[in-house]
Amino acid sequence: MKHTLSVLVENKPGVLARVAELFARRGFNIESLAVGTTEKPDISRMTIVVDVEEHSLEQVRKQLHKLINVIEITDLDPETSVAREMVMAKIKVDAGNRSEVIEIADIFRGNIIDVSSESIIVEVTGNAPKLRAFEDLLKPYGIRELVRTGKVALPRGK
Amino acid sequence: MRLTGARALVKSLEDEGVEVIFGIPGGVMLPVFDALYESRMRKVLTRHEQGAAHAADGYARVTGRVGVCMSTSGPGATNLVTGIANAYMDSVPMVAISGQVATNLIGTDAFQEADTTGITLPIAKHNYLVKDPADIPDVVQEAFYIAHTGRPGPVVIDLPVDVSRAELEYRRREHPVLRGYKPTVKGHKKQIRMAARAILESRSPVIYAGGGVITAGAEGELKKLAAGNKIFVAHTLMGKGAFPESHRLSLGMLGMHGTRCANYAICETDLIVAVGARFDDRITGKLSEFAPKARVIHIDIDPAEISKNVRAHIPIVGDCRQVLKELNAAIRELKDEVQSPDRREWDSLVMDWKEKYPLTYEKGPGLKPQYVVEKIHEITGGNAIICTEVGQNQMWAAQFYPMEKPRRFVSSGGLGTMGFGFPASIGAQLGRPGDLVFDIAGDGSFQMTMQELATAVLEGAPVKVAILNNGYLGMVRQWQQLFYNRTYSCSCLEREQESPDFVALAEAFGAKGIRVTDPDLVEAAIVEAIETDCPVLIDFRVEPEENVYPMVAPGAPLYDMIGDMLYPVEKIHPEKAEEPFL
Ligand SMILES: Cc1ncc(C[n+]2csc(CCOP(=O)(O)OP(=O)(O)O)c2C)c(N)n1
Ligand SMILES: [Mg+2]
């Protein structure tokens with residue numbers, strides 16, 4: 001099962017290495033990991049998606065907690081949290097189908113952020129199913145390159 | 001106060017109350033060793049950094065204080081690694097300080113550069129690479145705090161040479177500031193009450209005591225719990241000394257080379273009270289058949305240990321001493337309320353096992369290693385500090401040197417590090433100068449760190465090394481004999497010629513060497529060793545192919561003990577009677 005962990009860590013050198021090493025050593029698979037600063041400059045937030053059973057999730061959380069630089073761990077319930085991910089895709093286009101692609105991007109509230117004679121780059125933000133649908137629709141045109149940020153998430157309310 | 005980084009480090013160590021530092025200097029550590037020269041802290045120059053780390057470890061185990069070791073960068077730091085990993089696996093408080101190349105050279109593969117924080121990341125509780133000299137006082141304070149609180153462990157401080165040369169304004173905080181580190185000390189009240197009820201309602205409870213009892217100084221509360229409620233106690237290797245082994249309720253050690261009564265009791269119990277233990281594979285044997293009838297109360301300060309290997313029905317996170325104290329109180333309160341079942345049947349069953357299956361060995365005509373350990377026990381009145389190496393010697397020491405008190409049995413449990421015992425014994429001796437310290441050693445293990453004989457001699461640490469010299473990597477040979485068809489591949493330490501001559505070796509270092517081949521001379525040799533003021537090495541030429549029994553084969557369940565007297569398995573598990581051990 002996939003779980004999204006929101007991990008607050010002290011913004012110190014080597015913290016990412018500690019977290020990554022822990023996952024590798026204990027044999028837990030990271031699906032995605034996004035890290036960035038928070039409203040407090042000395043604290044970073046890592047959003048980690050792991051694919052583990054309930055029992056292993058407990059271990060992941062407890063082992064993470066043992067890292068001295070880890071301040072807080074929240075297991076985000078999809079019901080009570082919001083999650084987004086951004087994808088950038090470079091699509092092969094020509095004069096004939098460029099507008100079609102732009103239309104698809106529009107439907108997904110995407111932005112065209114680069115245009116050249118042979119390709120355009122589309123940026124879309126959303127949850128995982130939306131991004132998957134977006135990718136599926138663009139595949140027939142030819143995806144030259146694609147990059148995803150990994151999921152970021154916050155609990156709702158309060 | 002303006003100080004150089006090196007002086008600030010030394011002052012910080014002094015402020016932490018450090019008495020002794022084990023280590024070896026080198027290029028990037030010269031500023032630190034220069035600053036140490038005038039300090040009143042004792043400096044012990046070992047002959048290998050691994051020795052320094054193990055000595056700090058041994059010191060920490062017998063004193064309960066934080067052990068400190070030091071090395072230079074690169075090879076010095078990598079030499080510390082085994083010792084750091086060893087302390088980590090056995091939860092020993094240690095601060096290891098390594099030099100590092102100058103900050104502007106880090107990452108350039110400079111001379112003697114190694115990524116010490118990277119290397120020690122998975123084998124230390126925490127580590128620091130200090131880049132700003134102003135951080136030194138805080139880092140040292142935090143390192144000591146982290147090392148000895150919660151579940152203790154080693155903390156590494158990597159100190160670049162320019163940082164130790166630079167100046168800073170020294171100021172010391174009252175308390176370390178660690179936002180992400182707050183060990184849970186107090187157990188959950190409701191859980192403790194549940195545990196108390198479970199204990200009172202149990203028909204056949206067993207306490208499984210680990211090293212955490214000793215770390216927490218919980219032996220008094222443990223004794224109250226056991227004796228007050230008539231609960232049998234089995235201990236781990238690390239838990240040796242947590243409960244007096246002469247006590248009627250002591251079942252001795254459990255696990256791979258544990259006693260039959262301890263292992264059978266675990267197989268049959270309806271309630272395990274695990275205290276400061278972590279259900280290691282050497283304890284559980286085949287996990288799926290571990291304690292099939294038992295509910296589990298698991299008390300530990302490290303939440304990650306709870307339900308890691310064996311599911312705990314009643315988990316209690318907290319300091320073992322505090323939790324046991326509250327547990328004892330809760331039991332007192334509930335006693336009148338709960339109707340306890342009759343435990344007489346359980347008591348007589350277990351006592352019957354205990355009487356029928358004591359640890360024993362065939363008293364041969366030759367010199368038996370078990371006999372040597374028994375004699376050491378007898379002559380020292382069970383009061384020595386016993387360090388061990390790893391292998392058969394370690395198991396015989398555990399089996400035949402019963403302990404009455406904690407912090408007197410020093411052995412590499414989690415990592416199983418050959419070469420640990422001897423340097424650890426030096427550290428233990430310096431920490432407890434008034435005590436008699438023995439290293440019960442194997443000929444293979446001793447050769448891994450024997451250069452520390454020089455340290456022992458020059459530092460005046462009169463440790464006694466008793467080598468149970470079987471000419472083999474004995475435990476390896478035993479496994480080869482039992483599970484690999486007697487193919488003794490690379491386990492024999494002798495050829496046509498014996499090497500080394502341990503007695504000559506001891507003498508060469510300025511220690512005393514004694515050789516014993518005759519069982520009748522064992523006693524005299526031990527007495528002579530004890531009466532000698534300097535380090536003594538006794539080369540006991542024991543039976544080469546003696547085995548450690550009883551034994552649970554790796555991967556086998558605990559009731560499948562092989563050894564000289566096979567317990568009729570069908571009595572406990574009729575359906576298992578036909579199954580082979582492996
Ligand atoms: C550093 C290290 N290397 C290898 C091993 C594997 N090993 C475990 S026991 C053992 C044999 C130990 O021989 P010795 O010290 O003579 O003890 P004995 O078993 O003969 O008493 C070996 C090689 C180990 N535990 N540690
Ligand atoms: Mg040997």
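Residues numbered from 1 in each chain as written. Chains lettered and ligands numbered in written order. Predicted model: local features only at pLDDT ≥ 70, side-chain atom pairs only at ≥ 80, totals over all residues. Heavy atoms only, no water.

Turning our eyes to something else, we now look at the domain arrangement of chain A. All names here are of chain A. We note that the domain assignment places domain 1 (2–76) and domain 2 (82–155) within chain A. Tallying the contact residues gives eight residues for domain 1 and seven residues for domain 2. Regarding the contact of domain 1 and domain 2, the summed buried area is about 560 Å², with carbon and sulfur atoms giving 64% of it. Three residues stand out in domain 1 for area buried against domain 2, namely A34, T47 and L76, and they jointly supply 53% of the buried area on that side. At the boundary of domain 1 with domain 2, the tally comes to zero salt bridges. (Domains from an automatic or database assignment. Contact = heavy atoms within 4.5 Å. Buried area = accessible area lost by both parts, 1.4 Å probe. Salt bridge = Lys/Arg side-chain N within 4 Å of Asp/Glu carboxyl O.)

Listed by partner, the interface residues are 18 residues for chain A and 18 residues for chain B. A buried area of about 1,600 Å², summed over both sides, lies between chain A and chain B, and 50% of it is on carbon and sulfur atoms. Between the two partners, chain A and chain B, sit two salt bridges. Across the pair R179 of chain B and D42 of chain A runs a salt bridge, and its minimum N-O distance is 3.1 Å. For the interface between chain A and chain B, the tally reads six residue pairs in polar contact (both at pLDDT 80 or more). Of all the elements in the fold, those that place two or more residues in the side of chain A that touches chain B are α1 (15–25), α2 (54–66) and β4 (70–76) of chain A. Of the residues forming the side of chain A that touches chain B, the biggest block, six residues, is contributed by α2 of chain A. Residues belonging to the side of chain A that touches chain B are distributed by class as follows: six nonpolar, five polar and seven charged. (Polar contact = N/O pair within 3.5 Å; in protein donor to acceptor, adjacent residues only side chain to side chain. Helix = DSSP H or I, 4+ residues; strand = E, 2+ residues; numbered from the N terminus. Nonpolar A, V, L, I, M, F, W, Y, C, P; charged D, E, K, R; others polar.)

Here we come to the site of ligand 1. All names here are of chain B. Taken together, the neighbourhood of ligand 1 is formed by 17 residues, with Q392, D443, G444, S445 and G474 sitting nearest. Separating a nitrogen atom of ligand 1 from a backbone N or O atom of M418 is a distance of 3.4 Å. A distance of 2.7 Å separates an oxygen atom of ligand 1 from a polar atom in the backbone of G474. Notes on ligand 1: free accessible area 590 Å², of which the protein chains cover 76%. Of all the secondary structure elements, the ones that give two or more residues to the shell around ligand 1 are α16 (392–400), α18 (443–449) and α20 (474–483). Counting residues per element, the shell around ligand 1 draws most heavily on α18, which supplies four residues. Residues of the shell around ligand 1, tallied by class, amount to seven nonpolar, nine polar and one charged. (Near = heavy atom within 4 Å. Areas by Shrake-Rupley, 256 points an atom, 1.4 Å probe, with all protein chains shown as cover.)

On to the sheet that holds strand β6 (residues 126–129) of chain B. Residue and element names in this part refer to chain B. Pairing within the open sheet is parallel, and its six strands lie in the order β3-β2-β4-β5-β7-β6. One side of each edge strand has no neighbouring strand; the edge strands of this open sheet are β3 (42–45) and β6. Averaged over all pairs of adjacent strands, the angle between strand axes in this sheet comes to 20 degrees, irrespective of strand direction. Relative to strand β4 (residues 67–71), strand β2 (residues 20–23) runs parallel, the two sharing two bridges. Residue pairing across strands places F22 opposite C69, the latter belonging to β4. (Pairing = 2+ DSSP bridges. Axes fitted to C-alpha atoms, helices over the stretch in contact; angles between N-to-C directions.)

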